[in-house]
Amino acid sequence: MTTVANFAIDYRQYLNEHGEVNTKLPDFANNSDTLIQNYQDMVLTRTFDLKAVTLQRTGKLGTFPPILGQEALSVGIGSSMQKDDVLVPSYRDHGAQFQRGVSMQEVLLYWGGDERGSNFASANAKDDLPISVPIASQYLHAAGIAKAFQYRQQKRVAVTFCGDGGTSEGDFYEAINLAGTWKLPVVFIVSNNQWAISVPRDIQSGCETLAQKAIAAGFTGVQVDGNDIIAVREASLNALEHARNGNGPALIEAITYRLGDHTTADDAKRYRSREETNAAWQREPIARLKSYLVNIGVWNEEQEKNLQTQCAAKVEKAVKAFLDMPKPNVTEIFDSLYAQLPEALIEQREEAISEASS
């Protein structure tokens with residue numbers, strides 16, 4: 001018998017759950033200002049997230065998917081992208097969106113059911129796609145965008161996210177197969193937060209790792225500690241450079257944990273034990289990075305208090321802008337559907353105008 005192929009999946013971690021360095025840091029991580037900025041962005045993301053849940057609970061926002069526990073992944077990926085790259089997000093990636101210049105007000109508008117939340121004002125996000133709620137279909141969109149970059153010979157990369165459950169979808173396999181065959185400039189992120197709503201990872205897929213699914217498509221897959229922002233950024237910077245230079249796609253599986261409910265319409269206590277969640281809190285990303293920054297002497301409690309105050313003020317300002325936003329015109333729900341509305345929707349639009357004016 002002859003072995004015709006073999007492979008290995010690398011795992012990367014620089015900061016353990018106690019904020020201790022366990023291997024030589026990549027060059028960017030020796031710049032404490034960079035890590036402080038990442039930390040501040042993670043705290044702001046969590047502050048926003050907790051406020052958004054409160055808004056939903058008080059009837060001021062629609063169903064919302066908390067990012068609690070996954071801030072390092074979202075901020076780490078978003079902060080690694082270049083301005084002219086394109087983000088193709090899932091529904092739990094607002095930390096990455098904030099890095100791209102999408103405002104908190106715009107994210108609130110989206111989850112408030114307002115189309116204006118997808119009309120990003122930031123020049124950096126002008127080509128980024130809106131939040132995608134269907135599972136893994138955004139992987140195909142990212143592959144298509146990457147093909148356009150390749151065709152135009154542009155050194156740009158499409159970056160897209162899905163959860164561990166998304167890797168079981170046909171869209172996922174179709175997208176990575178296409179990307180691998182055509183060597184497209186796209187980076188696929190798998191947020192392995194251990195739960196596909198109420199379905200645990202151990203019965204979600206028979207693969208030992210989710211990163212190895214990239215091997216079947218003919219390209220590189222790596223696994224990182226998704227609660228270690230240094231590992232996330234190092235892997236994403238490498239993957240982005242690899243794709244940008246014409247070497248094809250890459251997949252990053254980030255091991256993390258969804259500390260909150262799947263959405264505000266979910267109750268995770270019905271399918272997860274308190275012991276499991278408490279253990280996950282000991283590995284969460286923000287406390288981990290804070291411990292490291294304190295230990296190397298670049299962060300203290302006074303800075304922490306100031307940061308918490310500043311984050312709360314920024315979030316409150318965004319919430320006020322969201323709540324004070326004039327209601328959209330009733331016709332706006334039709335305006336971005338088609339270049340030319342089909343007859344059935346023209347009739348619905350006219351009916352909506354009539355109802356609004358009566």
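Right, let's walk through the structure included here. Keep in mind it's a predicted model, so treat the numbers as computed, not measured.

Rules behind the numbers
Residues numbered from 1 in each chain as written. Predicted model: local features only at pLDDT ≥ 70, side-chain atom pairs only at ≥ 80, totals over all residues. Heavy atoms only, no water. Salt bridge = Lys/Arg side-chain N within 4 Å of Asp/Glu carboxyl O. Helix = DSSP H or I, 4+ residues; strand = E, 2+ residues; numbered from the N terminus. Buried < 20%, exposed > 50% of the residue type's maximum accessible area, 1.4 Å probe, protein only. Axes fitted to C-alpha atoms, helices over the stretch in contact; angles between N-to-C directions. Left-handed = near helix turned anticlockwise from the far one by under 90°. Contact = heavy atoms within 4.5 Å. Nonpolar A, V, L, I, M, F, W, Y, C, P; charged D, E, K, R; others polar. Parallel < 35°, antiparallel > 145°, perpendicular 65-115°, else oblique. Phe/Tyr/Trp six-rings, centres within 6.5 Å; stacked < 30°, edge-to-face > 60°. Lys NZ or Arg CZ within 6 Å of the ring centre and 35° of its normal.

This part is about the pattern of salt bridges. Summed over the entire model, instances satisfying the criterion amount to 16 salt bridges. The closest approach of N and O atoms between R46 and E284, which form a salt bridge, is 3.0 Å. Residue R46 is found in helix α1 (residues 32-57), and its partner E284 is found in the loop between α10 (274-281) and α11 (285-295); the two are separated by 238 residues along the sequence. With a relative accessible area of 12%, R46 lands in the buried category. Taking relative accessible area as the criterion, E284 reaches 9% and is therefore assigned buried. The partner of R100 in a salt bridge is D128, and the shortest N-O contact between them spans 3.0 Å. Of this pair, R100 sits in the loop between α3 (94-99) and α4 (104-111) while D128 sits in the loop between α4 and α5 (137-152); the two residues are 28 residues apart in sequence, bridging distant segments of the chain. On the basis of relative accessible area, R100 is assigned to the buried category, the value being 2%.

Let's shift gears to the packing of helix α2 (residues 71-78) against helix α9 (residues 229-244). It is at 8 Å that the axes of α2 and α9 come closest, and there the two elements cross at 35°. Crossing angle aside, the handedness with which α2 passes α9 is right-handed. Facing A72, L73, V75, G76 and I77 of α2, the residues of α9 in contact are I229, V232, R233 and S236. Split by residue class, the contact of α2 with α9 holds six nonpolar, two polar and one charged.

For any two helices packed against each other, one specifies the crossing angle of their axes together with the interaxial distance. Between α1 and α11, the shortest axis-to-axis distance is 10 Å and the interhelical angle comes to 150°. When the axis of α1 is compared with that of α11, the two are roughly antiparallel. The interaxial crossing formed by α1 with α11 has left-handed handedness. On α11, the residues that touch L35, I36, N38, Y39, M42, V43 and R46 of α1 are P285, I286, L289, K290, Y292 and L293. When grouped by side-chain class, the residues that make up the contact of α1 with α11 number ten nonpolar, one polar and two charged.

Under the counting rule described, the total for this entry stands at ten aromatic pairs. Aromatic pair F64 and W111: ring centres 6.1 Å apart, planes at 80°, arrangement edge-to-face. With F64 in the loop between α1 and α2 and W111 in helix α4, the pair connects residues that are 47 residues apart, well separated along the chain. For the pair F64 and W111, a shared accessibility class is recorded, and that class is buried. Between the aromatic rings of Y139 and F172, the centroid separation amounts to 5.3 Å while the plane-to-plane angle is 40°, which identifies the pairing as tilted. Of the two residues, Y139 is situated in helix α5 and F172 in helix α6 (residues 170-182); the sequence distance between them amounts to 33 residues. For the pair shown, Y139 and F172 are each scored as buried. Following the ring pairs from residue to residue traces out a cluster consisting of F48, F64, F98, Y110 and W111. Its guanidinium or amino end placed over the ring of W182, K147 lies 4.8 Å from that ring's centre, counting from NZ or CZ. Lying over the aromatic face of F28, R233 brings its terminal NZ or CZ to 5.0 Å of the ring centre.

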